[in-house]
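Observations on the model geometry
Here are the chains, one letter per residue:
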Amino acid sequence: MKQRGLSEADVSAALQTYTPTGRKDEYYTFASGGHGGNLVVIGVPSMRILKYVGVFTPEPWQGYGYGDQSNQILAQGSRFGKEMTWGDMHHPALSETGGDYDGEFLFVNDKANARIAVIDLHDFVTRQIVTSELIQSDHGATFVTPNTEYVIESTQYPAPLGGGYAPIEDYKDKYRGAVIFWKFDREKGRIDPERSFAMELPPYMQDLADAGKLASEGWIFINSFNTEMSYGGTLEGNPPLESGASQNDMDYMHIIDLKLAEKVASEEGKTKTIAGMKVIPLDIVNEEGLLHLVGEPKSPHGLDVTPDGKELVVSGKLDTHCTVYSFEKIKGLIDAKKYAGKDTYGVPILPFEDSIRGQVEIGLGPLHSQFDDKGNVYTSVFIESTVAKWSLKDLKLLGKQKVHYNVGHIVAAEGDTVSPDGRYLIAMNKWAIDRFAKVGPLLPQNFQLIGIDGEQMQLLYDMPLPLGEPHYAQMIKADKINPIDVYKPAGFDVVANEHSEFAVKAKEERIERKPDGVHVYMTAVRSHFTPDIIRVKKGDTVHLHITNVEQAHDATHGFTIGSYNVHSSLEPGKHVDITFVADRAGIFPFYCTEFCSALHLEMAGYFLVEPG
Ligand code: K7E
Ligand code: CUA
């Protein structure tokens, strides 16, 4: 202690986080990689990074975005014919069974391009990206219903539905928000766009959302800001969006009856199709009573349903309180049709005072809330850079923990489930300033692990996260994650999630010239590729079909051909297809990029392109 200048608190923190060699972590945290477009897998309490998963962004280590299969996944995320190679990832959501994380799948949104990805946790691979041109951005995404029947995505910035043009002066008439209910087919492990539907919403800026559970199962709640419908225009004599959006006293929480919406969406004549998506228009939404609004303290951000589903915690960036809404009260007001009025679009507004149980004074800039197993709520307080702990029952502030700095979301162990674990909480801080060794003007984010078992919160660990701004994460008990070790039998197409028709067996390697080009059926095994010489002519289309025929745990090979931007990761049993045009004559060595054996450097060959 003395030698390193450590305090008793430091040593206590070290004892709680130090993880000796071979010991595994108690929890996995799945953190969004923000504008890096990747997902980050972190062990807790060690805070060791276990994996980056390529999602919206090509990831060369995994060959994600450098082969036919993964290119096809990224291409699924094209919008209006344009392929995108990045995403602004915000909110990961683990699949749930009975309101508990089940460790099978993870969903995550891309705010910038309104996309949702499905990651299979059996192998930590992105299996699908879906997008609808109905909406132009999202934020209230992704959130799942308690049995993952639906993955929810709602807009952030209103625009004409379907992606057309309308003058911004027609904002109130032509711009709209929407919420999409993506139907998840668990058996296939894919979202089924055909069975998905959407609901038109007023052009407020819908923000964070949560799905009801237990007492409120079947209901969806979405925050909004800018209910003033301000749209900026600072050079045109209008107030800037930020002040235009701060005129009203309150904004609106959206309360959606999903069970009823599902029924209405299945009825003849109650929907229209926009950009291929089945949409319940706003007039039908009102006619059928699918949507209610209720006032929220100004500029709300976080919205979190309590573990029992009975209450909702809302925090407003411009309000110092957390407001606790009672679902029972809200439901009672809806049933009694007791409204405080209607908005511009005829959506009924419930009386605020009658919807809440109370408020608790938190501090400057409360954002996001999480729950523990003892009835406590933890709320991040952005402007103060603290995490506040308060009692849900008594609405009493119990303590605060200073964090460094500008905390956004916080995530607690199993914190969004019907039975949170307590134990650990991570403050996801946006600024690191003086916390780490200097690395130039662009600094990492700072994930701070906080122990929440005791009366007082205890800061345990600082972890720099050098990727995009992560926004949100979810933390799941490690024993719920059961990934496979190898793909069996060898020849598995990871994206199609089935044995590949192009799988290659040992002794069946060959090169075939066909009308569509040269097909190379190749195997990889320690320490050679077969074939190891490939002869083509300039201009040939080359189809590489490579199977790693190994079945030994961690016996991964990589494959690259220099100067052709070809790279693949071949985990044991995996099969990849790579298609490209041999448009430059010359001699191109290919080799294995993973140090797989003593003869790894010899795991190489020549790609010979004869001049035409
Ligand atoms: Cu607060 Cu996108 Cu959830 Cu960032 S969001 S912090
Ligand atoms: Cu295979 Cu190195």
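The structure contained in this document is the topic of the report that follows. (Residues numbered from 1 in each chain as written. Chains lettered and ligands numbered in written order. Predicted model: local features only at pLDDT ≥ 70, side-chain atom pairs only at ≥ 80, totals over all residues. Heavy atoms only, no water.)

Observations concerning the overall build of the chain
In terms of regular secondary structure, the chain is built from 8 helices and 44 strands. Here the C-alpha atoms of the chain give a radius of gyration of 26 Å, agreeing with the 25 Å that 2.2 N^0.38 yields for 612 residues. Across its three principal directions, the C-alpha atoms of the chain cover 75 × 70 × 50 Å. Sorting the 612 residues of the chain into buried and exposed places 59% on the buried side. In the chain, 61% of the contacts between residues at least 6 apart in sequence involve partners at least 24 apart. Of the roughly 25000 Å² of accessible surface on the chain, 52% is carried by carbon and sulfur atoms. (Helix = DSSP H or I, 4+ residues; strand = E, 2+ residues; numbered from the N terminus. Rg over C-alpha atoms; globule rule 2.2 N^0.38 Å. Buried < 20%, exposed > 50% of the residue type's maximum accessible area, 1.4 Å probe, protein only. Contact = heavy atoms within 4.5 Å. Areas by Shrake-Rupley, 256 points an atom, 1.4 Å probe, with all protein chains shown as cover.)

As for the packing of aromatic side chains
All told, the structure shown has 25 aromatic pairs when counted by the stated rule. Ring geometry for F588 and F607: centres 6.3 Å apart, planes at 50 degrees, overall tilted. Highlighted residues: F588 in strand β43 (residues 586-591) and F607 in strand β44 (residues 604-610), separated in sequence by 19 residues. Since its relative accessible area comes to 0%, F607 is described here as buried. Pairwise contacts between aromatic rings join Y564, F580, F588 and F607 into one cluster. Positioned over the ring face of Y27 is K477, at 5.8 Å from the centre of the ring. When the ring centre of Y521 is taken as origin, the NZ or CZ atom of R510, which lies over that ring, is 3.8 Å away. (Phe/Tyr/Trp six-rings, centres within 6.5 Å; stacked < 30°, edge-to-face > 60°. Lys NZ or Arg CZ within 6 Å of the ring centre and 35° of its normal.)

Here's the deal with a nonpolar patch on the surface
Residues I533, I587 and Y606 make up a contiguous nonpolar surface patch of about 300 Å² in total accessible area. Inspection of the secondary structure assignment puts Y606 in strand β44. (Patch = residues over 30% accessible without salt bridge, like charges linked within 9 Å, V, L, I, M, F, W, Y side chains within 5 Å. Salt bridge = Lys/Arg side-chain N within 4 Å of Asp/Glu carboxyl O.)

Observations regarding helix α7 (residues 327-335)
Turning to α7, its buried residues number three or more, namely F327, I330, L333 and I334. Take α7 and look down its axis: the buried residues cluster within an arc of 125 degrees, on one side only. Residues of α7 that are exposed and angled more than 90 degrees away from the buried face: E328 and D335. By the N-cap criterion, in which a side-chain oxygen at the helix start approaches the backbone nitrogen of a residue two or three places on, α7 is capped by S326, the distance to E328 being 3.3 Å. K337 sits one or two residues past α7 and shows a positive phi near 50 degrees. (Arc of directions from axis to C-beta. Polar contact = N/O pair within 3.5 Å; in protein donor to acceptor, adjacent residues only side chain to side chain.)

Observations concerning the nonpolar core
With 36 residues, the main nonpolar core has F181, M199, I256 and I280 as its most contacted residues. Sequence-distant contacts of F181, that is, excluding residues within four places in its chain, are made with Y150, V151, I152, S196, F197, M199, I220, I256 and L258. I534, V566, F588 and F607 belong to the second-largest nonpolar core, a separate cluster that totals 26 residues. (Core = buried A, V, L, I, M, F, W, Y, C linked by side-chain atoms within 4.5 Å.)

So, the environment of T57
Along the polypeptide, T57 turns up in the loop between β3 (49-54) and α2 (68-76). For T57, a relative accessible area of 14% translates into the label buried. C-alpha separation for the pair T57 and L39, spaced 18 residues apart in sequence, amounts to 9.8 Å. The contact partners of T57, leaving out residues within four places of it in the chain, are G36, G37, N38, Y64, L74, T85, W86 and G87. Within polar-contact distance, the side chain of T57 engages the backbone oxygen of G36 at 2.8 Å.

Let's talk about unusual backbone geometry
Trans is the prevailing form of peptide bonds, just as negative phi is the prevailing case for residues other than glycine. Here the amide bond leading from V44 into P45 is cis, since omega sits at 15 degrees, within 30 degrees of zero. A cis amide bond links T530 to the next residue, P531, at an omega of 0 degrees. As for its position among the elements, P531 is in the loop between β37 (528-530) and β38 (533-537). Unusually for a residue other than glycine, F80 sits at a positive phi of about 50 degrees. Along the polypeptide, F80 turns up in the loop between α2 and β4 (93-97). Overall, F80 belongs to the partly exposed group, its relative accessible area being 46%.

A word on the pattern of salt bridges
Where charged atoms of side chains with opposite charge meet at close range, the side chains can pair. The final tally for this structure, using the stated rule, is 34 salt bridges. For D100, the salt bridge is made with K480, and the minimal N-O distance between the two is 3.6 Å. Taken together, the residues D100 in strand β5 (residues 100-110) and K480 in the loop between β32 (473-477) and β33 (492-493) connect sequence positions 380 residues apart. Using a relative accessible area of 24% as the deciding quantity, one classes K480 as partly exposed. One continuous salt-bridge network, built from bridges that share partners, spans E26, D373, K374, R423 and D453.

So, the pairing of strand β35 (residues 510-514)
The side chains of a regular strand alternate, residue by residue, between the two faces of the sheet. Note that β35 and strand β36 (residues 517-525) share 5 bridges and pair antiparallel. In the sheet register, E512 faces β36, and the bridge partner there is H519. Taking the residues that link successive antiparallel strands as the turn, the β35-β36 hairpin has 2 residues. (Pairing = 2+ DSSP bridges.)

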